[in-house]
Amino acid sequence: MQRQPLIASGLALLGAVSATPALSADLTISCGAVGAELALCEQGVEAWEAETGHEVEIVSTPNSSTERLSLYQQILSARSDDIDVLQIDVVWPGLLANHLLDLQETLGKDAAAGHFETIVANNTVDGRLVAMPWFTDAGVLYYRKDLLEQHGVEPPETWQQLTDIATEIQSAEREAGNDKMWGYVFQGRAYEGLTCNALEWVASQGGGTLVDADGEITIDNENAAAALDLAASWIGEIAPQGVLNYTEEEARGIFQSGNAVFMRNWPYAWSLAQSEDSEVAGKVGVVKLPHGPDGASAAASGGENQSAAALGGWNLAVSRYSEHPDLAAELVAFLTGEAEQKRRAIEAAYNPTLTSLYKDEEVLEAVPFFGTLYDTFTNAVARPSAVTGDNYGRVSNGFFNAVHEVLSGNQSGAEAVSDLDSELSRIKRRRW
């Protein structure tokens with residue numbers, strides 16, 4: 001197995017891929033950016049190489065999902081055969097389907113049997129299975145068990161409770177000498193990760209889901225505006241100013257170094273927080289994300305406000321332009337199979353897409369919250385990628401940029417959702 005070095009620019013990477021062919025490798029795969037994600041990919045590929053005798057080259061891609069999508073679109077639009085197997089986000093199948101192989105043609109009609117049906121349906125476009133589920137995701141709240149116990153408080157159920165607890169403990173920790181302590185870290189950079197965070201804020205406070213299942217734009221409402229205003233109040237108070245440029249890894253770095261009370265992240269961060277080099281090993285708890293206040297705003301949204309976790313996850317697809325499509329599909333089947341998914345769950349807390357593994361004793365011993373938060377994972381809130389189709393990229397881009405303006409203090413929540421409604425209406429015109 002060979003691996004090309006990580007190159008920050010998608011355009012530069014496209015040039016590098018074209019300029020440096022796979023040499024003796026039989027296949028190329030893009031299946032990780034940095035850290036544990038990339039290491040797990042390398043280990044899985046090595047196991048397949050040992051089993052089959054084939055060689056695979058791993059192509060590193062940008063860590064930002066937004067930049068990675070741009071890279072894929074450039075490569076696929078050029079009908080390039082430089083990457084055979086692509087790791088694709090749960091919101092991309094509809095965008096990339098025309099460039100991807102129908103895996104049922106090579107792996108059989110039952111290729112996705114045993115995987116979560118909702119993800120299989122998500123990955124099926126016009127009757128074609130264009131990607132195999134690899135791991136699923138939903139946003140969760142990490143917290144410092146030791147600090148909450150010390151202050152005699154329970155994990156927050158509402159966003160206001162999170163704000164109050166974070167403020168109290170941050171102040172106490174700083175008075176005790178830790179001037180680096182913050183109350184809450186999350187993904188605040190203007191990219192797809194902020195779309196996920198903001199969707200959770202808005203949906204859990206009765207503000208809808210940006211665009212509903214019927215394609216109607218729903219973002220311009222008081223609850224959505226209030227959710228964004230509350231998030232903006234965290235900046236510089238319980239969240240560092242730098243959070244405006246945080247992705248998952250920057251947030252994890254602050255939390256894992258012992259300098260945050262709460263963190264919103266995906267399940268993968270669990271095993272890293274428990275690692276030997278973690279400052280918070282053994283001190284971390286995981287619960288569902290908070291929701292908005294009960295009362296008037298809940299009644300306005302038709303009932304009690306409930307926690308909302310954005311549906312995430314990644315899949316493996318085969319490029320239609322691969323010179324070895326059958327072999328590439330075999331690699332995909334191996335990496336998404338039960339043994340590999342179980343290994344990834346135990347070693348790095350990556351959520352399996354196979355329902356049977358949520359009853360596996362070894363998996364539950366390694367990641368207990370896979371059992372306690374099972375409903376969170378199975379009922380996660382999807383981003384409006386299916387209903388907006390090819391326009392989803394523009395919809396998400398408009399959303400995260402609007403939210404970032406509010407977090408940066410440049411607009412109020414009400415101004416942002418009003419402007420966003422107009423922008424989305426222009427994108428939609430008569431229909432998506």
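The structure contained in this document is the topic of the report that follows. What you see is a predicted model, and the numbers here were worked out from it, not measured in a lab. (Residues numbered from 1 in each chain as written. Predicted model: local features only at pLDDT ≥ 70, side-chain atom pairs only at ≥ 80, totals over all residues. Heavy atoms only, no water.)

### Some thoughts on the pattern of salt bridges
Here is step 1 of the chain: Tallied over the entire structure, the rule returns 12 salt bridges.
Here is step 2 of the chain: Taking the shortest distance from any N to any O, the salt bridge between Glu 250 and Arg 189 comes out at 4.0 Å. With Glu 250 in helix α11 (residues 248–256) and Arg 189 in the loop between β9 (182–185) and α9 (192–203), this pair connects stretches of sequence that are 61 residues apart.
Here is step 3 of the chain: Accessibility expressed as a relative area gives 23% for Arg 189, which makes it partly exposed.
Here is step 4 of the chain: The partner of Arg 343 in a salt bridge is Glu 340, and the shortest N-O contact between them spans 2.9 Å. Taken together, the residues Arg 343 and Glu 340, both in helix α15 (residues 338–348) and three residues apart, mark about one turn of the helix. (Salt bridge = Lys/Arg side-chain N within 4 Å of Asp/Glu carboxyl O. Helix = DSSP H or I, 4+ residues; strand = E, 2+ residues; numbered from the N terminus. Buried < 20%, exposed > 50% of the residue type's maximum accessible area, 1.4 Å probe, protein only.)

### Quick word on the sheet that holds strand β8 (residues 140–144)
Here is step 1 of the chain: Ordered in space as β9-β10-β8-β11, the four strands form an open sheet in which the pairing is mixed. Since the sheet does not close on itself, it has two edges, and those belong to β9 and β11 (284–287), each with one partner. Going from strand to strand, the sheet's axes swing by 15° on average, the running direction of each strand aside.
Here is step 2 of the chain: Strand direction decides the pairing type here: β8 and strand β10 (residues 260–265), joined by four bridges, are antiparallel. Looking across to β10, one finds that Tyr 143 is bridged to Phe 262.
Here is step 3 of the chain: Contacting β8, β9, β10 and β11, α11 crosses the sheet at an angle of about 155° to β10. (Pairing = 2+ DSSP bridges. Axes fitted to C-alpha atoms, helices over the stretch in contact; angles between N-to-C directions. Contact = heavy atoms within 4.5 Å.)

### Thoughts on the side chain of Ser 385
Here is step 1 of the chain: With respect to the helices and strands, the residue Ser 385 is situated in helix α19 (residues 385–388).
Here is step 2 of the chain: Beyond its immediate stretch of four places on either side in the chain, Ser 385 contacts Val 91 and Tyr 392.

### Points about the pairing of β8
Here is step 1 of the chain: For β8, the buried fraction is high: five of the five residues fall into the buried class.
Here is step 2 of the chain: Because side chains alternate across β8, one face comprises the buried residues Val 140, Tyr 142 and Arg 144, and the other comprises Leu 141 and Tyr 143, equally buried.
Here is step 3 of the chain: One ladder, built from four bridges, connects β8 with β11; its direction is antiparallel. Counterpart to Arg 144 in the pairing with β11 is Val 284.

### What about the nonpolar core?
Here is step 1 of the chain: By size, the foremost hydrophobic cluster in this structure holds 139 residues, and its most contacted members are Trp 201, Ile 219, Trp 234, Phe 262 and Leu 407.
Here is step 2 of the chain: Setting aside residues no more than four positions away along its own chain, Trp 201 makes contact with Trp 159, Phe 186, Leu 194, Ala 227, Leu 228, Ala 231, Trp 234, Val 403 and Leu 407. (Core = buried A, V, L, I, M, F, W, Y, C linked by side-chain atoms within 4.5 Å.)

### Describing helix α2 (residues 35–52)
Here is step 1 of the chain: Taking 1.5 Å of rise per residue, 18 residues should cover 26 Å, and α2 covers 26 Å from first to last C-alpha, within 8% of that figure.
Here is step 2 of the chain: If you check which residues of α2 are buried, you get Glu 37, Leu 38, Leu 40, Cys 41, Glu 42, Gly 44, Val 45, Trp 48 and Glu 49.
Here is step 3 of the chain: In the stretch just after α2, Gly 53 is the one whose phi turns positive, near 85°. (Expected span 1.5 Å × (residues − 1).)

### Remarks on the layout of surface pockets
Here is step 1 of the chain: Of the volumes computed, that of the largest pocket is approximately 520 Å³.
Here is step 2 of the chain: Lining the largest pocket are 28 residues, with Glu 37, Asn 63, Glu 248, Trp 266 and Trp 314 sitting closest to its centre.
Here is step 3 of the chain: Among the residues making up the lining of the largest pocket, the classes are represented as 10 nonpolar, eight polar and 10 charged.
Here is step 4 of the chain: Within this model, the second largest pocket holds a volume of roughly 370 Å³.
Here is step 5 of the chain: If you trace the second largest pocket, you find 19 residues lining it, with Lys 288, Leu 289, Gln 306, Ser 307 and Thr 376 closest to the centre.
Here is step 6 of the chain: Its residues assigned to classes, the lining of the second largest pocket shows nine nonpolar, six polar and four charged. (1 Å grid on protein atoms, 1.4 Å probe; cavity = no way out; pocket = protein on both sides within 12 Å on 5 of 7 lines; lining within 4 Å. Points joined across faces, edges and corners; volume = space filled by probe spheres on them. Nonpolar A, V, L, I, M, F, W, Y, C, P; charged D, E, K, R; others polar.)

### Some remarks on the packing of aromatic side chains
Here is step 1 of the chain: Tallied over the entire structure, the rule returns 20 aromatic pairs.
Here is step 2 of the chain: Where Trp 201 meets Trp 234, the ring centres are 5.7 Å apart and the plane angle is 85°; that geometry is what we call edge-to-face. With a gap of 33 residues between them, Trp 201 in helix α9 and Trp 234 in helix α10 (residues 222–234) connect regions that are remote in the sequence. One exposure class covers both Trp 201 and Trp 234, and it is buried.
Here is step 3 of the chain: Consider the rings of Phe 369 and Phe 370, whose centres lie 5.5 Å apart with planes at 85°: the pair is edge-to-face.
Here is step 4 of the chain: With a relative accessible area of 0%, Phe 370 lands in the buried category.
Here is step 5 of the chain: By way of ring pairs, the aromatic residues Phe 116, Trp 270, Tyr 358, Phe 369, Phe 370, Tyr 374 and Phe 377 are connected into one cluster.
Here is step 6 of the chain: Over the ring of Trp 314 we find Arg 68; its NZ or CZ atom is 4.8 Å from the centre of that ring.
Here is step 7 of the chain: Across from the ring centre of Trp 134, 4.0 Å away, lies the NZ or CZ of Arg 344, which sits over that ring. (Phe/Tyr/Trp six-rings, centres within 6.5 Å; stacked < 30°, edge-to-face > 60°. Lys NZ or Arg CZ within 6 Å of the ring centre and 35° of its normal.)

### With respect to the packing of α2 against α15
Here is step 1 of the chain: Taken N-terminus to C-terminus, the directions of α2 and α15 make an angle of 145°; their axes are 11 Å apart at the nearest point. The handedness of the crossing between α2 and α15 is right-handed. Taken together, the residues of α15 that come into contact with α2 (itself represented by Leu 40, Cys 41, Gln 43 and Gly 44) are Glu 340, Arg 343, Arg 344, Glu 347 and Ala 348.
Here is step 2 of the chain: Residue composition of the contact of α2 with α15, grouped by class: three nonpolar, two polar and four charged. (Left-handed = near helix turned anticlockwise from the far one by under 90°.)

### Notes on unusual backbone geometry
Here is step 1 of the chain: For Leu 210, which is not a glycine, the phi torsion comes out positive at approximately 75°.
Here is step 2 of the chain: Structurally, Leu 210 is set in the loop between α9 and α10.
Here is step 3 of the chain: For Leu 210, a relative accessible area of 3% puts it in the buried group.
Here is step 4 of the chain: Phi is positive for Arg 429, which is not a glycine, with a value near 55°.
Here is step 5 of the chain: For Arg 429, the location among the structural elements is in the segment after α21 (413–428).

### A closer look at the state of the cysteines
Here is step 1 of the chain: Scanning all chains against the criterion turns up one disulfide.
Here is step 2 of the chain: Paired through a disulfide, Cys 31 and Cys 41 show a sulfur-sulfur distance of 1.5 Å. A residue pair is termed long-range when its members are at least 10 positions apart, and Cys 31 in the loop between β2 (27–30) and α2 and Cys 41 in helix α2 qualify at 10 residues. (Disulfide = S-S within 2.5 Å.)

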